Amino acid sequence: MSRYHTLFNEINLVLKYDKSGKAKWRQVRVRILKRIVKDLITIKLLPPHWVHLNNEHILVLINHWRREKLTESTITTYLAAIRYFFKNAKVNNNIASNTALGVFRKYCRSKQ
C-alpha cells in the first residue's frame, strides 16, 4: 500500500466516528485533509504517517499555498483542520502557532 493510501486511510479511520460539529464541517475537514495530502505529494514531502508530519513540512506547505495565492484565512483554516485531526487521533504532534509559522489574518475593522 502506498503512502498516499495510508494517509487517506488514517484520515478516514480517525474522522469516521467523530460526531462533533455539523455534518457539513465534518465533510469540510475531510476534504481539507485530503487536499493537504495531495499538496504534500505535489511538493514531494509526503511522510509515511501523519505522526511524522512536523513544522518543516508545515512551513513548506504554507509557502506552497502562498504561491498558489491562497488567502491567509484559508491557510489558517487548513492549519486548524490539521490540529483538529491530531487532537482526535491522540497524536502528540506539536505544531507551532500560526504567528510562529508566519500566518497572520488581517481583520477589517468596521468604521462606526
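See above for the structure.
Residues numbered from 1 in each chain as written. Predicted model: local features only at pLDDT ≥ 70, side-chain atom pairs only at ≥ 80, totals over all residues. Heavy atoms only, no water.

Structural notes on the packing of helix α2 (residues 23-42) against helix α3 (residues 55-67)
Their axes nearest at 10 Å, the elements α2 and α3 cross at an angle of 90 degrees. One element, α2, and the other, α3, form an angle in the roughly perpendicular class. Across the interface between the two elements, Ile-36, Asp-39, Leu-40 and Thr-42 from α2 touch Leu-61, His-64 and Trp-65 from α3. Looking at the contact of α2 with α3 residue by residue, the class counts come to four nonpolar, two polar and one charged. (Axes fitted to C-alpha atoms, helices over the stretch in contact; angles between N-to-C directions. Helix = DSSP H or I, 4+ residues; strand = E, 2+ residues; numbered from the N terminus. Parallel < 35°, antiparallel > 145°, perpendicular 65-115°, else oblique. Contact = heavy atoms within 4.5 Å. Nonpolar A, V, L, I, M, F, W, Y, C, P; charged D, E, K, R; others polar.)

Comments concerning the environment of Asn-92
Of note, Asn-92 is situated in the loop between α4 (72-89) and α5 (98-101). The spatial distance from the C-alpha of Asn-92 to the C-alpha of Ala-23 is 26 Å, given a sequence separation of 69 residues.

Section: α4
Here α4 is 18 residues long and its end C-alpha atoms lie 26 Å apart, about the 26 Å a rise of 1.5 Å per residue gives. Within α4, burial applies to Ile-75, Thr-76, Tyr-78, Leu-79, Ala-81, Ile-82, Tyr-84, Phe-85 and Phe-86. Tucked into the core, α4 has its buried residues touching α1 (3-16), α2, α3 and α5. Positive backbone phi, approximately 60 degrees, marks Lys-90, located one or two places after α4. (Expected span 1.5 Å × (residues − 1). Buried < 20%, exposed > 50% of the residue type's maximum accessible area, 1.4 Å probe, protein only.)

Examining the packing of aromatic side chains
By convention here, two paired aromatic rings are described through the distance between centres and the angle between planes. Inspection of every chain in the model, using the stated rule, returns five aromatic pairs. Ring centres of Tyr-4 and Phe-8 lie 4.5 Å apart, and the angle between their planes is 35 degrees; this geometry places the pair in the tilted category. Taken together, the residues Tyr-4 and Phe-8, both in helix α1 and four residues apart, mark about one turn of the helix. Relative accessible area serves as the criterion here: at 24%, Tyr-4 is assigned to the partly exposed category. Members of the aromatic cluster, each reached through a chain of ring pairs, are Trp-50, Phe-85 and Phe-86. Between Arg-29 and the ring centre of Tyr-84, over which it is positioned, the NZ or CZ distance is 3.9 Å. (Phe/Tyr/Trp six-rings, centres within 6.5 Å; stacked < 30°, edge-to-face > 60°. Lys NZ or Arg CZ within 6 Å of the ring centre and 35° of its normal.)

As for the packing of α1 against α2
Direction vectors running N to C along α1 and α2 enclose 165 degrees, while the axes themselves pass 11 Å from each other. Looking at the two axes, α1 sits roughly antiparallel to α2. Considering the relative orientation of α1 and α2, their crossing is right-handed. Across the interface between the two elements, Tyr-4, Leu-7, Phe-8, Ile-11, Asn-12 and Leu-15 from α1 touch Arg-29, Val-30, Leu-33, Lys-34, Val-37, Lys-38 and Ile-41 from α2. In the contact of α1 with α2, the residues fall into nine nonpolar, one polar and three charged. (Left-handed = near helix turned anticlockwise from the far one by under 90°.)

Honestly, it's all geometry; don't read function into it.
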